[in-house]
Amino acid sequence: MGAFAGWRGGPVTRAAIGRFVTRYRVDMSEAADPRVEAYPTFNEFFTRALRPGARPMADAPFICPVDGAISQFGPIEQGQIFQAKGHSYSAQALLAGDEALARRFDGGQFATLYLSPRDYHRIHMPCEGSLTRMIYVPGDLYSVNPLTARHVPGLFARNERVVCLFETAQGPMVLVLVGATIVGSMATVWHGVVNPPRTGHVRQWRYEPGSVVLRQGQEMGRFLLGSTVVILFPKDVASFHPDWAPARPVRLGEAMASSATPSPDLASRTDTD
């Protein structure tokens, strides 16, 4: 499927895209170019850009980074992330076994967002951040739909994934791009395609402070055939929007979370400032 997705198949590719649009009821009016024939490969269709203004950005400390649905969200308790009824997995396992990195998120918050086939498949920044590390973690390619999440233990810590660590004004933040069945590859705006190559080994890149800075709402990566994003915040940083609930649809740019505590600047101001 990965090979087909990158194939310039002319009428065959156009027919496949047209059938996909019909089957999954993809709203092409939101695309920068709504014409099926504008996309020479399935990957280019799947990672299509949105037209300007299609996703207004909320005035909020943290915005939703994707179109999709909420799988789960909530506290990281004793290093564990809730997956589905009867299943949790450790933040350390998700983060390629890095115990020190996982400790930075003890008592913090997580959100797991599922991107269905019909969704827009680019990932954007919840807030401004400076990239410090990227880790590629080899793994399985289970489906990540809600049914699989209920039945495969440790799903998101078992599948292939790309872990991106940012430093933000509120503290560290992790965005994890989780691969899935027939995901051809994952890419970031600063690196390009991360996988392939699939070497079977953990690979890691470190970045100098300030060398890669992305503003809130800016694209940070994309899935070539879709999957799931897991976001981690440390303790006392983010408080999720009261309207959020598991299975609720979400859209890029909507308010995701407020600051859990006042910023130092605001806390030090007086009523007369």
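The structure we're discussing is the one just above.
The structure contained in this document is the topic of the report that follows. (Residues numbered from 1 in each chain as written. Predicted model: local features only at pLDDT ≥ 70, side-chain atom pairs only at ≥ 80, totals over all residues. Heavy atoms only, no water.)

**A short note on the nonpolar core**
- Of all hydrophobic cores here, the largest spans 37 residues; its most connected members are F166, W190, M220, F233, W244 and M256.
- Residue assignment for this core shows that the elements contributing at least two residues are β5 (109-114), β7 (129-137), β8 (161-168), β9 (171-178), β14 (219-224), β15 (228-233), β16 (238-240) and β18 (255-259).
- Contacts of F166, omitting those with residues within four sequence positions, involve M125, G129, S130, L131, G171, P172, M173, L175, W190, L214 and M220.
- Formed by 24 residues, the second largest nonpolar core is a distinct cluster that contains I81, F105, A149 and A157. (Core = buried A, V, L, I, M, F, W, Y, C linked by side-chain atoms within 4.5 Å. Buried < 20%, exposed > 50% of the residue type's maximum accessible area, 1.4 Å probe, protein only. Helix = DSSP H or I, 4+ residues; strand = E, 2+ residues; numbered from the N terminus. Contact = heavy atoms within 4.5 Å.)

**Examining the packing of aromatic side chains**
- Taken as a whole, this structure holds 13 aromatic pairs when the rule is applied.
- Centre to centre, the rings of F42 and F46 are 6.0 Å apart; their planes meet at 25°, and the pair counts as stacked. Separated by four residues within a single helix, F42 and F46 lie in helix α3 (residues 42-46), roughly one turn from each other.
- The exposure class assigned to F42 is buried, which follows from its relative accessible area of 7%.
- Taking the centre distance of 6.0 Å and the plane angle of 85° together, the rings of F166 and W190 count as edge-to-face. Taken together, the residues F166 in strand β8 and W190 in the loop between β10 (185-188) and β11 (192-195) connect sequence positions 24 residues apart. (Phe/Tyr/Trp six-rings, centres within 6.5 Å; stacked < 30°, edge-to-face > 60°.)

**Concerning the environment of T41**
- Structurally, T41 can be placed in the loop between α2 (11-24) and α3.
- A C-alpha to C-alpha distance of 19 Å links T41 and G221, two positions 180 residues apart in sequence.

**Observations concerning the pairing of β8**
- Burial of β8 is extensive: seven of the eight residues sit out of reach of the surface.
- The sheet contact formed by β8 and β9 spans eight bridges and is antiparallel. Paired with L165 across the strands is V174, a residue of β9.
- Counted along the chain from β8 to the antiparallel partner β9, the turn is two residues long. (Pairing = 2+ DSSP bridges.)

**Quick notes on unusual backbone geometry**
- Its identity is not glycine, yet D236 carries a phi of approximately 60°, on the positive side.
- One non-glycine residue with positive phi stands out, namely A247, at about 80°.

**Regarding the pattern of salt bridges**
- A complete count under the given rule lists 11 salt bridges for this structure.
- Among the ionic pairs, E30 bridges to R55, the shortest N-O distance being 2.9 Å. Of the two residues, E30 is situated in the loop between α2 and α3 and R55 in the loop between α3 and β1 (62-63); the sequence distance between them amounts to 25 residues. The exposure classification of E30 matches that of R55, with both residues buried.
- Between D67 and R55 there is a salt bridge, and its shortest N-O distance comes to 2.6 Å. Of this pair, D67 sits in the loop between β1 and β2 (68-75) while R55 sits in the loop between α3 and β1, placing them 12 residues apart in sequence. (Salt bridge = Lys/Arg side-chain N within 4 Å of Asp/Glu carboxyl O.)

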